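Residue strings, one per chain:
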Amino acid sequence: MTGERKISLRVNGRQHELEVEPRLSLADALRNELGYTGTHLGCEHGMCGACTVWLDGKSVRSCLMLAALADGAEVTTIEGLAPDGDSQHPLQAAFSKHHALQCGFCTPGMIMAAADLLQQNPHPSEEEVVDWMGGNICRCTGYRAIVRAVMDVAESGAAPPASDPEPEPSSVG
Amino acid sequence: MSEQAEMSEQGKVTWIGKPVPRREDRPLTAGAGRYMADIEMPGMLYMVVLRSPQAHAKIVSIDTDAARAMPGVHAVYTAADLPEELKPFPVIWRPPVLKDDSIAALASDRVRNVGEEVAVVVADTQQIAEDARELIRVKYERLPANVDPIKALEPDSPRIRDEWDDNVAALFPFRNGDVDAAFAEAAHVVDGHFKINRHAAMPMETRGVVASWDALTETLTFWSMSQAASLLRTELAKSLDLPDNAIRVMTPNVGGAFGAKWDRYAEDLLACVATRRLGRPVKWMEDRREHFQSTVHAREQIQDWEMALDEDGRILGVRGRAVADLGSCVPSSGIGTQWVTGNTIPNQYKFENYSADIIAVLTNKARAGSYRGFGGPESNFPMERLMDKAAKELGVDPAELRFRNQIQPEDMPYPTATGMAVYDTGDYPGALRRALEMVGYEKLREEQPKLREQGIYRGLGIGCYVHCTGFGPSAMLGMINYDTSGYEGARIRIDPGGKVTVYTGMIPLGQGTETSLAQIAADSFGIDMDDVRVVWGDTSQTPYTGFGSGGSRSNLAMTAVMNAAEQLKAKMIRIAAHTLEASPDDVEFADGHLSVRGVPDSGLTMPEVARIAYLAHSLPEGEEPMLQTQQVFDPPGFGWAYGCHVGVVDVDIQTGMMDWKRYVIVDDCGPMVNPLIVRGQIEGGVAQGIGGALLEEMVYDEAGQPMTSSFMDYLMPTFHDVPDYEIDHLVSPSPHIRGGFKGMGESGVMAPAAVVANAIVDALAPFGIEVDELPITPNVLWRKLRDAGAFEDGRSAASVG
Ligand code: FES
Ligand code: FES
């Protein structure tokens, strides 16, 4: 294929070098090239939030972003959200406790979006949660269980604060 | 019998009835679910579908040469390339009144809706396949399209099927009692013209398949998200001319289905043909735009109903007709959905005289099939609107009118006015009473006029509903010409180490199948849930189920698990008795222990008995080694769940926007196995109902072009659109099901449209506005308010009426 481009991505703390076509989305790069299939595609046009990952610590829709433009960035996916290897992020446990997932297809995106909110604003009001999460669609739960799960973590203050999970900062640019 | 009583015959109740968090959650929250898109195999090829851009056209020619010539392309198939013997999928529900139709793999000479499959390309990568698809040239000759189902009934409207006399696929008549006499003696008659909008299940995961043919063993492995895996296997076998046992249908994690994945689809056949011809695994994944065009839509009906009442407001009879728009082809479920609509019009009410014509018509839109509720929301909306219209006509409160007409607990079992349904158990007035109490109905009614004076238009809407669950007794399905069975099986194997594995034919779609069946099995043996594994999604291992997941049938699978556990316990008792030199009658099974009655520490554990059963060195005379069994449960009747929702809304009369104040739900699904899961099912169902009532509509222009092809123009409820759900339960066990469980997967979606419409009409009572068409958008309301003169002098509009 013509016009392949070399990029480097640091995903969940691991460095990856890959060659991508210019039209390849970050979502497809993560899923198909690197095997991070926890990032789901519900619409591929930026409207459902299922593909939400973190780019340099901020949540983005990976279906809208071209992989080539993420060159040099630090990406966190659902597989790398838990603070250390074998445990869960408090939101992952809270989603289960409050039955905030059914089919689980929207769930990685929901959790990535909510975790970003909590690192920016550890004690959001319910309204702030609803506003922040408003662009993530779930067809199964009717949403209130997700609000209950996020509020539970917000109120218990269990979410880890914003910080680079990696010892050395990524070398962007 | 309650589940508590039922289980206490067997042992201690530890898990059933508890809000146990789901075992499904750990992998799914970690991003470790394995969905269809995640399945990759060495040598895999990718299939894409070329779809019709025309709503109705003749295919003049198809030129695939350039596409075939593209490097990396393995095959391009059009209808002309398909093997002659490839048979289309049959319609499953075929009452004699339904004309013949089937689901073909590819359009041959004619396309009948935008999105219909015309050709497929199979290539090394998805990108190559997509690029090659661009090179296929199809010449169409446009034909006039039918978009409006009522116009499609006219004799001179464009014909969708040349071999039919008209566009009517079926007319199903319901007749019971003497409805004309009822109307002749009525003191009051109310009527309505109702439109139920075309919308769709719209799971977050689109459809997809992976098919892999092994030429050496002549077997086909088919990864499918079908809700009806066993049924699909049999149909594939017929279509492909293979024996059933050459096909293994595997189910990965499924990202929601809600009925849309129950239907059979062309891509199922096409992927199989491709893998068989090319000898390599073939994957097809639908994109969201395709999903909008070619996965089944649902619900669209135009209805006219009349209700006759005596002077006290007692219903004497109901008559009318419903015209359902099936789209371009009869779906797998035939006219099942529409039949359910006709069969549930009586809802919770006592009357005998009923007449309805259910007319299913073809148009040039996407096929309309199953969606959660399956015809129920389509009857609930008009009936509950008629109740409010009648209350207004009689000048009584809508709650009071319902109390006067509801079937009483002592009337059960109650044969309804359709002559085709018998409700089993329930306290309908009890549910309404409880809902009114929870919402504080009387106080809200008192406040209403005062609020109006302040310019706050607050309305209350009631929606009572029934939900036919545990679908259904096989003989009954046979009587209504449903060409499949209704039983559910369960296989249990206790391994040599004494741990339990349950095999189920249920397809998990998000409803917590693994967790609830593990709860049932654990309590059946009195063991820890962690000692139970649940296996699903592989037709080579799991029990056959003719119907599949849908129709709120978990309760049937649960009963099958209980019955299978019972068999194995009896066997373990016989083996333990033999070993302990006691009579089986004296051996007790409790908490996974077998002991001689009165000598609790004399006994054997399940692992010990399992070892004996597997070693088979010393078994009772004639006893078969190992511990495994399969039980099949065919219910003797339907379990009818029911309940009542009450919603409170404020409508801004300047903008037509509405705002939720309260949403109260009282549901009765019999005893609950897992209240956490039940709550989730109800909340999710209500949200879908609200979406259909306020937001969602599949819009087509006059030429049959879809105007809604993405989430940008098809609005689904989001975090902002749903109320806080306040939920309570009544418990009326079903006599037909062991444990008394009724299904609960579809209850939530039944009433929201009626609740929303009734609440809005109530809020806007001063303007005399009626809302009988869905969806109720702010635009629609604003126009109605304008026409009612609400804006004539600014905010003083409040004084109208
Ligand atoms: S897949 Fe990216 S927003 Fe829907
Ligand atoms: S859990 Fe199924 S879409 Fe959200």
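Because the structure is predicted, anything quoted here is derived from the model rather than measured.

K.L.:
So what's going on with the overall build of chain A? Which residues, and what values?
P.N.:
A tally of helices and strands in chain A yields 5 helices and 5 strands. Listing each helix as α and each strand as β along chain A from the N terminus yields β-β-α-β-β-β-α-α-α-α. Scaling as 2.2 N^0.38, a compact globule of 173 residues should have a C-alpha radius of gyration of about 16 Å, and chain A matches this with 16 Å. With the C-alpha coordinates aligned to their principal axes, the bounding extent of chain A is approximately 50 × 35 × 25 Å. Burial status across chain A gives 60% buried among its 173 residues. Residue pairs at least 24 apart in sequence account for 58% of intrachain contacts in chain A once pairs closer than 6 positions are excluded. Roughly 7000 Å² of accessible area belongs to chain A as shown, and the carbon and sulfur atoms make up 50% of that amount. Across chain A, the mean location of the 12 positive side-chain charges is 5 Å away from that of the 23 negative side-chain charges.

K.L.:
Describe in detail the overall build of chain B, supporting the description with residues and values.
P.N.:
When helices and strands are tallied, chain B shows 21 helices and 30 strands. For 801 residues, the compact-globule formula gives about 28 Å, and the C-alpha radius of gyration of chain B, at 28 Å, lands near that figure. With the principal axes as the frame, chain B shows a C-alpha extent of 95 × 75 × 50 Å. Counting across all 801 residues of chain B, residues that qualify as buried make up 64%. A separation of at least 24 residues holds for 81% of the contacts in chain B among residues at least 6 apart in sequence. Summed over all atoms, the accessible surface of chain B reaches about 27500 Å², with 50% contributed by carbon and sulfur. Computed over 75 positive and 113 negative side-chain charges, the inter-centroid distance for chain B is 3 Å.

K.L.:
Would you mind going over the sheet that holds strand β29 (residues 658-668) of chain B in detail, with residue names and values included?
P.N.:
Residues and elements named next belong to chain B. With mixed pairing, 4 strands are arranged side by side in an open sheet as β20-β28-β29-β30. Sheet topology places β20 (457-469) and β30 (725-729) at the edges, where each strand pairs with a single neighbour. Adjacent strand axes in the sheet meet at a mean angle of 15°, parallel and antiparallel pairs treated alike. Two strands pair when backbone bridges link them, and strand β28 (residues 639-651) and β29 are joined in this way by 10 bridges, in the antiparallel orientation.

K.L.:
I'd like a description of the side chain of His-297 of chain B, backed by residues and values.
P.N.:
All names here are of chain B. Relative to the elements of secondary structure, His-297 occurs in the loop between α8 (288-294) and β15 (301-309). Exposure remark for His-297: the relative accessible area of 1% places this residue in the buried category. Here Phe-292 takes part through its backbone oxygen, which lies 2.7 Å from a polar atom of the side chain of His-297. Aside from chain neighbours lying at most four places away, what touches His-297 is Arg-198, His-199, Ala-200, Phe-292, Ala-366, Arg-367, Ala-368, Gly-369, Met-698 and Tyr-700.

K.L.:
Would you mind going over the layout of surface pockets in detail, with residue names and values included?
P.N.:
Here the largest pocket defines a volume of roughly 1400 Å³. Residue lining of the largest pocket: 45 residues in total, with Asp-28, Asn-32 and Glu-44 of chain A together with Gln-126 and Gln-127 of chain B positioned closest to the centre. Elements with a minimum of two residues in the lining of the largest pocket: β2 (14-20) and α1 (26-33) of chain A together with β1 (45-51), α4 (126-134), β14 (282-285) and α8 of chain B. Here the lining of the largest pocket takes 5 residues from α4 of chain B, the largest share from any one element. Split by residue class, the lining of the largest pocket holds 15 nonpolar, 10 polar and 20 charged. What the second largest pocket holds in volume is close to 730 Å³. Lining the second largest pocket are 36 residues, with Ala-104, Ala-105, Leu-106, Ala-107 and Glu-116 of chain B positioned closest to its centre. Counting residues per element, the ones that place at least two in the lining of the second largest pocket are β5 (102-103) and α8 of chain B. For the lining of the second largest pocket, the per-class residue count stands at 15 nonpolar, 8 polar and 13 charged.

K.L.:
Account for the interface of chain B and chain A, with residues named and values stated.
P.N.:
In this complex, chain B contributes 51 residues to the contact, which on the side of chain A involves 48 residues. When chain B packs against chain A, close to 4000 Å² is buried across both sides, 58% of that on carbon and sulfur atoms. Ranking the residues of chain B by area buried against chain A places Thr-29, Met-204 and Phe-719 of chain B at the top, with a combined share of 22%. Where chain B meets chain A, there are 5 salt bridges. Inspection of the region where chain B meets chain A yields 24 residue pairs in polar contact (both at pLDDT 80 or more). For the side of chain B that touches chain A, the secondary-structure elements that each account for two or more residues are α2 (25-29), α4 and α18 (675-694) of chain B. Ranked by residue count, the leading element in the side of chain B that touches chain A is α18 of chain B, at 9 residues.

K.L.:
Lay out the environment of Ala-308 of chain B with the relevant residues and their values.
P.N.:
Along the chain, Ala-308 of chain B falls in strand β15. In contact with Ala-308 of chain B, other than residues within four places in its own chain, are Ala-182, Phe-183, Ala-186, His-188, Val-189, Arg-314, Ile-315, Leu-316 and Gly-317 of chain B.

K.L.:
Summarise empty space enclosed by the protein; cite the residues concerned and give the values.
P.N.:
All names here are of chain B. Counted according to the given criterion, the structure contains 9 cavities of 30 Å³ or more. Its boundaries defined by the atoms lining it, the second largest cavity holds a volume of some 110 Å³. Around the second largest cavity, the lining is made up of 14 residues, and of these His-199, Arg-299, Pro-377, Gly-689 and Ala-753 lie nearest the centre. The set of elements that each furnish at least two residues to the lining of the second largest cavity consists of α10 (376-394), α18 and α19 (747-750).

K.L.:
Run through the domain arrangement of chain B, naming residues and quoting values.
P.N.:
All names here are of chain B. Domain parsing of chain B yields domain 1 (6-23 + 487-633), domain 2 (36-143 + 206-254 + 261-294) and domain 3 (375-470 + 637-790). For domain 1 versus domain 2, the separation of C-alpha centres amounts to 40 Å. Listed as interface residues are 16 residues of domain 1 and, on the opposing side, 17 residues of domain 2. In total, about 1300 Å² of surface goes out of reach between domain 1 and domain 2, with carbon and sulfur atoms giving 51% of it. Taken as a group, Ile-507, Leu-509 and Thr-539 account for 39% of the area that domain 1 buries against domain 2, more than any other trio of residues on that side. Here domain 1 is connected to domain 2 by 1 salt bridge. The interface formed by domain 1 and domain 2 includes 7 residue pairs in polar contact (both at pLDDT 80 or more). Among the residues forming the side of domain 1 that touches domain 2, the class breakdown is 7 nonpolar, 8 polar and 1 charged.

K.L.:
Outline the packing of aromatic side chains, supporting the account with residue identities and numerical values.
P.N.:
Throughout the structure, instances matching the rule amount to 25 aromatic pairs over all chains. Aromatic side chains Tyr-143 of chain A and Phe-719 of chain B sit 4.6 Å apart centroid to centroid with 50° between the ring planes, which places their arrangement in the tilted category. Note that Tyr-143 of chain A is positioned in the loop between α4 (126-133) and α5 (144-156) and Phe-719 of chain B in the loop between α18 and β30, a pairing that runs across two chains. Just as Tyr-143 of chain A is buried, Phe-719 of chain B falls in that class too.

K.L.:
Describe the pairing of strand β23 (residues 532-535) of chain B, naming the residues involved and giving the relevant values.
P.N.:
Residues and elements named next belong to chain B. As paired strands, strand β22 (residues 500-504) and β23 are joined by 4 bridges and run parallel to one another. Pairing of Tyr-503 across the sheet is with Val-535, part of β23. Handedness of the β22-helix α15 (residues 513-525)-β23 crossover: right-handed.

K.L.:
Break down the packing of helix α11 (residues 398-405) of chain B against helix α12 (residues 428-439) of chain B for me, citing the residues and quoting the values.
P.N.:
Residues and elements named next belong to chain B. Packing of α11 against α12 brings their axes to within 10 Å, and their N-to-C directions diverge by 160°. Relative to α12, the element α11 lies roughly antiparallel. Every pair of crossing elements has a handedness; the one defined by α11 and α12 is left-handed. Contacts between α11 and α12 involve Ala-399, Arg-402 and Phe-403 on the former and, on the latter, Pro-429, Leu-432, Arg-433 and Leu-436.

K.L.:
Describe the pattern of salt bridges, listing the residues and the values that go with them.
P.N.:
All chains considered together, the criterion is met by 64 salt bridges over all chains. The salt bridge partner of Arg-23 of chain A is Asp-131 of chain B, with a shortest N-O separation of 3.3 Å. Of the two residues, Arg-23 of chain A sits in the loop between β2 and α1 while Asp-131 of chain B sits in helix α4, which places them in two different chains. Looking at Arg-23 of chain A, the relative accessible area reads 46%, which means it is partly exposed. Here Lys-195 of chain B makes a salt bridge to Glu-697 of chain B, at a shortest N to O gap of 3.2 Å.

K.L.:
Hey, could you go over the side chain of Thr-344 of chain B for me, with residue numbers and the actual values?
P.N.:
Residues and elements named next belong to chain B. Here Thr-344 lies in helix α9 (residues 336-344). One polar contact links Thr-344 to Ser-379, side chain to side chain, over a distance of 2.7 Å. Residues contacting Thr-344, with those up to four places away along its chain left out, are Gly-375, Gly-376, Ser-379 and Trp-640.

About the cut-offs
Residues numbered from 1 in each chain as written. Chains lettered and ligands numbered in written order. Predicted model: local features only at pLDDT ≥ 70, side-chain atom pairs only at ≥ 80, totals over all residues. Heavy atoms only, no water. Helix = DSSP H or I, 4+ residues; strand = E, 2+ residues; numbered from the N terminus. Rg over C-alpha atoms; globule rule 2.2 N^0.38 Å. Buried < 20%, exposed > 50% of the residue type's maximum accessible area, 1.4 Å probe, protein only. Contact = heavy atoms within 4.5 Å. Areas by Shrake-Rupley, 256 points an atom, 1.4 Å probe, with all protein chains shown as cover. Lys, Arg positive; Asp, Glu negative; His and termini not counted. Charge placed at Lys NZ, Arg CZ, Asp CG, Glu CD. Pairing = 2+ DSSP bridges. Axes fitted to C-alpha atoms, helices over the stretch in contact; angles between N-to-C directions. Polar contact = N/O pair within 3.5 Å; in protein donor to acceptor, adjacent residues only side chain to side chain. 1 Å grid on protein atoms, 1.4 Å probe; cavity = no way out; pocket = protein on both sides within 12 Å on 5 of 7 lines; lining within 4 Å. Points joined across faces, edges and corners; volume = space filled by probe spheres on them. Nonpolar A, V, L, I, M, F, W, Y, C, P; charged D, E, K, R; others polar. Buried area = accessible area lost by both parts, 1.4 Å probe. Salt bridge = Lys/Arg side-chain N within 4 Å of Asp/Glu carboxyl O. Domains from an automatic or database assignment. Phe/Tyr/Trp six-rings, centres within 6.5 Å; stacked < 30°, edge-to-face > 60°. Right-handed = clockwise from strand over helix to strand, strands pointing away. Parallel < 35°, antiparallel > 145°, perpendicular 65-115°, else oblique. Left-handed = near helix turned anticlockwise from the far one by under 90°.

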